[in-house]
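Okay, here's what each chain looks like letter by letter:
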Protein chains: 2
Amino acid sequence: MQIRTLAMRSVAALGLVCAAAVHAATDPLPSWNESASKQAIVQFVQKVTDQNSASFVPPAERIATFDNDGTLWGEQPMYVQAFFIFDRIKALAPQHPEWKTQEPFASVLKGDLKGALAGGEAGLVEMGMATHAGMTTEEFEKIVTDWISTAKNPKTGKLYTEMVYQPMLELISYLKTNGFKPYIVSGGGVEFMRPWSERVYGIPPEHVIGSSILTQFQMRDGKPVLVRLPKIDFVNDKEGKPVGIQMRIGRRPIAAFGNSDGDLQMLQWTAAGAGPRFCLYVHHTDAVREWAYDRKSSIGQLDKGLDEAQAKGWTVVDMKQDWKVIYPSDTGQAKAKSAY
Amino acid sequence: MQIRTLAMRSVAALGLVCAAAVHAATDPLPSWNESASKQAIVQFVQKVTDQNSASFVPPAERIATFDNDGTLWGEQPMYVQAFFIFDRIKALAPQHPEWKTQEPFASVLKGDLKGALAGGEAGLVEMGMATHAGMTTEEFEKIVTDWISTAKNPKTGKLYTEMVYQPMLELISYLKTNGFKPYIVSGGGVEFMRPWSERVYGIPPEHVIGSSILTQFQMRDGKPVLVRLPKIDFVNDKEGKPVGIQMRIGRRPIAAFGNSDGDLQMLQWTAAGAGPRFCLYVHHTDAVREWAYDRKSSIGQLDKGLDEAQAKGWTVVDMKQDWKVIYPSDTGQAKAKSAY
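Residues numbered from 1 in each chain as written. Chains lettered and ligands numbered in written order. Predicted model: local features only at pLDDT ≥ 70, side-chain atom pairs only at ≥ 80, totals over all residues. Heavy atoms only, no water.

Colleague: Is there a simple way to explain the overall build of chain A in this structure?
Modeller: Tallying secondary structure elements over chain A gives 15 helices and nine strands in all. Compactness check: chain A gives a C-alpha radius of gyration of 22 Å against a globular reference of 20 Å for 340 residues, within 12% of the reference. Along the three orthogonal principal directions, the C-alpha set of chain A runs to about 80 × 45 × 45 Å. Put simply, chain A has 340 residues, and 53% of those count as buried. Of the roughly 15500 Å² of accessible surface on chain A, 55% is carried by carbon and sulfur atoms. (Helix = DSSP H or I, 4+ residues; strand = E, 2+ residues; numbered from the N terminus. Rg over C-alpha atoms; globule rule 2.2 N^0.38 Å. Buried < 20%, exposed > 50% of the residue type's maximum accessible area, 1.4 Å probe, protein only. Areas by Shrake-Rupley, 256 points an atom, 1.4 Å probe, with all protein chains shown as cover.)

Colleague: Before we go on, may I ask you to explain the interface of chain A and chain B in this structure?
Modeller: Often, the extent of an interface is quoted as the loss of accessible area on bringing the components together. Contacts between the two partners involve 33 residues from chain A, matched on the other side by 34 residues from chain B. There are six salt bridges connecting chain A and chain B. Salt-bridge contacts for Glu198 of chain A lead to Arg251 of chain B; the nearest nitrogen and oxygen are separated by 3.3 Å. At the junction of chain A and chain B, the tally comes to 16 residue pairs in polar contact (both at pLDDT 80 or more). Only α8 (137-148), β2 (181-189), α10 (190-201), β3 (208-220), β4 (223-234), α11 (240-248) and α12 (264-271) of chain A provide two or more residues apiece to the side of chain A that touches chain B. Broken down by element, the residue count for the side of chain A that touches chain B peaks at six residues, all from β3 of chain A. In terms of residue class, the side of chain A that touches chain B is made up of 15 nonpolar, eight polar and 10 charged. (Contact = heavy atoms within 4.5 Å. Salt bridge = Lys/Arg side-chain N within 4 Å of Asp/Glu carboxyl O. Polar contact = N/O pair within 3.5 Å; in protein donor to acceptor, adjacent residues only side chain to side chain. Nonpolar A, V, L, I, M, F, W, Y, C, P; charged D, E, K, R; others polar.)

Colleague: Sorry if this is basic, but what is going on with the pattern of salt bridges here?
Modeller: Side chains that carry opposite charge are capable of pairing whenever their charged atoms lie near each other. Across all of its chains, the model carries 28 salt bridges over all chains by this definition. Taking the shortest distance from any N to any O, the salt bridge between Lys238 of chain B and Asp237 of chain B comes out at 3.6 Å. In this structure Lys238 of chain B comes out as partly exposed when scored by relative accessible area, which is 42%. Assessed through its relative accessible area of 28%, Asp237 of chain B is described here as partly exposed. One network of salt bridges, in which partners are shared, links Asp27, Glu34 and Lys38 of chain A.

Colleague: Help me understand the nonpolar core, please; the structure alone is not making it clear to me.
Modeller: Inside soluble globular proteins, nonpolar side chains tend to come together where they are buried. Formed by 67 residues in total, the largest nonpolar core has its most connected members in Met168, Leu171, Tyr201 and Phe257 of chain A. A per-element tally of this core places helix α4 (residues 80-92) of chain A first, with eight residues. When sequence neighbours within four positions are dropped, the list of residues in contact with Phe257 of chain A reads Ala64, Thr65, Phe66, Asp67, Thr71, Met168, Leu171, Leu175, Met266, Leu267, Phe278 and Leu280 of chain A. With 66 residues, the next largest nonpolar core counts Ile172, Val200, Leu302 and Ile326 of chain B among its residues. (Core = buried A, V, L, I, M, F, W, Y, C linked by side-chain atoms within 4.5 Å.)

Colleague: What is the right way to read the relation of the copies chain A and chain B from this model?
Modeller: The two chain copies are related to each other by a rotation about an axis together with a translation along it. Once turned by 180 degrees and shifted 0.0 Å along the axis, chain A lies on chain B with an RMSD of 0.0 Å. Interpreted geometrically, this transformation is the action of a two-fold axis. Taking C-alpha positions as reference, the residue of chain A nearest the rotation axis is Arg248 of chain A, located at 3.2 Å. When you check the interface residues of chain A against chain B, 100% turn up at the interface there too, and the contact is symmetric in its surfaces. (Least-squares fit on C-alpha atoms with pLDDT ≥ 70 in both.)

Colleague: Mind showing me how you'd approach the environment of Leu92 of chain A here?
Modeller: Residues and elements named next belong to chain A. For Leu92, the position within the fold is in helix α4. Residue classification places Leu92 among the buried residues on the basis of a relative accessible area of 14%. Separated by 39 residues in the primary sequence, Leu92 and Thr131 place their C-alpha atoms 8.0 Å from one another. Setting aside anything within four residues of it in sequence, one finds Leu92 in contact with Trp99, Ala130 and Thr131.

Colleague: Would you mind showing me how to read the sheet that holds β2 of chain A here?
Modeller: In a beta sheet, neighbouring strands pair by backbone hydrogen bonds and run either parallel or antiparallel. Residues and elements named next belong to chain A. Strand order across the open sheet formed by seven strands is β4-β3-β2-β1-β5-β6-β9, with mixed pairing between neighbours. For this open sheet the edge positions go to β4 and β9 (315-318), each flanked by a neighbour on one side alone. Each strand axis lies, on average, 30 degrees off the axis of its neighbour in the sheet, ignoring direction. Bridge count for strand β5 (residues 255-258) against strand β6 (residues 278-283) is four bridges, and the pairing is parallel. Each bridged residue has a counterpart across the sheet, and for Gly258 the counterpart in β6 is Tyr281. (Pairing = 2+ DSSP bridges. Axes fitted to C-alpha atoms, helices over the stretch in contact; angles between N-to-C directions.)

Colleague: Explain the pairing of strand β2 (residues 181-189) of chain B to me, please; I cannot follow it from the model alone.
Modeller: Two faces make up the sheet, and in a regular strand the side chains alternate between them. Residue and element names in this part refer to chain B. Among the nine residues of β2, seven are classified as buried, and the element is accordingly described as predominantly covered. Of the strand pairs in this sheet, strand β1 (residues 63-66) and β2 are connected by four bridges, and their pairing is parallel. Bridging across to β2, Ile63 finds its partner in Lys181. Alignment of β2 against strand β3 (residues 208-220), held across three bridges, turns out to be parallel. Note that in β3 the partner of Ile184 across the bridge is Val208.

Now the structure itself:
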C-alpha cells in the first residue's frame, strides 16, 4: 500500500520505483547484504565473463570448487556424516551383538557421543568402515537416500538438507548462470553426498569430489555389482583436495570456497594459478541464527585459513553481517522484510 | 557430371536429387556405411532422445563411455603411450648413465623393442614410473603436449593424433549434439590423454578417466605444486573400468564403446543397468587401411569381449565393412568418391 501510494504521486516517482523493482527482481544474490563480500563476488564474475575484459576466462575454464561441511551446509554440533554413522550403527546393532561391549560402538549405542569420539580419528575410521562398506554401491545409495530424507539435526530439529545456506545456493546458481561449473570438493564421502547433491544444491553427482573407500567389481549371479570394501582409498581433505581436483577434473579452479583449515590447500592451489582468481572463506560468526565458532571448533582447525585469507586479501564472509538469511526456510520472512 | 545430367531430365528427378543432397548434408555419420551398425546407433539415439518414447532418457543421464586405444585411435604396433615411454627413456638417458646396462632400459636405448618388452608388465611399470614421475603435473603436461605434437607412428609415418578414427569422431560429435556426455575411459594414463583430448576428440579433460599414479601436494618456494610420485594409484582397466566410472562420474553409462577384453567389464556394467542400453565393440578387420588382428593381438586379449558381444547381441563394428574411411585425412577422398 505504501509503495502504491508513493508511485501514484508522479510519473517520475513511478519510474524510480519500477527501476528499483527491476533491480530487486534481477539481483542474483538477494540473500546477501550489500557488503564488500557481495561486491567482490559480483565484480569477479563480471570481469571473467566480460569478453572485452583482460580478465576474461572461457566458460570451459570457469571451474569453481566448494567445500561442503561448514561452507554449503551446517557442520554443528558434528559433521552430518558422523550422525549418519551413529544412526547406521544403531540400525546395524542387531546384526552385531559384539558391539554392546566393543568401543567405540558401545558408546554410540548408549548415546554417549563423547565416549564414541574418544578414540579420535582411528575410532571414526573404524565406525566408518563398519557402516559404509560391505554392500553394493546401489545398496549404499538407497541407505543414504532413505536416511537423508528423514534425519534431523538434534539441535535445530531441521532436516540436514534444510540446513544448507541460502546465500550459497544463490551463489552456486549465479555461477552456473554465468557459465561456471561448480564442484563440491569435500572431505566427506563422495557416495554419501552424490545421492542428494543435485536435488539440494543443483550439483550433479559427476561434479562431486570426496573421500572414498575401495570399490570392487564382482559378478553376482551373472550380474555385475560394485562392492564397497572396508579400506580407505582416498582422503579428500587438506593436501588431498588439490590432488582430488587434479585427478577428477584435471583443471585448476579459478574460484574456491571453504571455511576451515581443511580447505586451505584448495584455496592456495586455486589462488596460485595464472589469471584472475577468487578465494572465499565462510566465517561462522552468528550465534543466534547459526553457530559462532570463529577460529575454534570441536571438529577441526579454522585459524590458519582465516590468517592466510587476511594476509592474502581473500574474501571472508561474516555470516552475521553479510547474510540476510541463513537457511532457505528463512527466505519468506526475508522477502517480507525487504518489501518495507 | 552424371548427377547433373540426371537432374536435368525432369523436375521430378531434380526433386529427388535435392532430397538426397539434403540427406547427405545432414547425415551425422557420413563416414559410416549404411550397415546394421550405423542403424543400431541411430535407432538407439533416436529412441532415448524422443520424449514420446518409453525409452526416453533425460539428458543428464546420457553418459557414454569410450575406450581409447583401439576404439578411438590406433593401438598398433604398440600402445601410443608405450612409444611415449620409449621416447622419454631416450630423452632422459643422459641423466641416467646406469640405463646403458640396466634392463629394460638398455634394450630401449639399443632400439630393441622386443627386448624392452621382455620383462612383461613389471618391466613396463618400471619404465612407466621412470618416465611419468618425478615432475610436477604442469611439467608433465608440457612434456606430453610437446611430444604428441611431433611424434609419429613408425609404421604409417602419421602423427598419432592423425590416427584417430574418423567414424568415431563423428559418433562422439553426434552423441554430443544429442545431449550425451561422452567420456574417455581408458587403461592409459589420465594425464597422458588430457593435454590433447579436447583438441583431438572434443572431449574435455574433466571427461577423461584413466589410470593414475599418486600425486602429492607440496609447497615449493611458497608456491603450491602437485608432484607425480613413482607409485601406481589406480589401474583403470578391466575390472577397474566400472570402478573408475563409478568413482569419477557416479552414474552408470547408458552407452559404452570398446574393442578389447579390457573393456568387457565396462560393457557388462553398462548393459546391466535398467532401461535402454547400447554396447559396441570395434572389430579390427581391415588389413589394408588399418590392421586386421581380429581376436589375437600382441598387446592384449580380444576374444572374450567379441564372444560376449555375439552372445548378448551387442553391436560389433566390422571396420572393413562398416567404415567408409578410417582416418580424418581420408575424408577428402571419401567425399570425392561419394559424389559419384
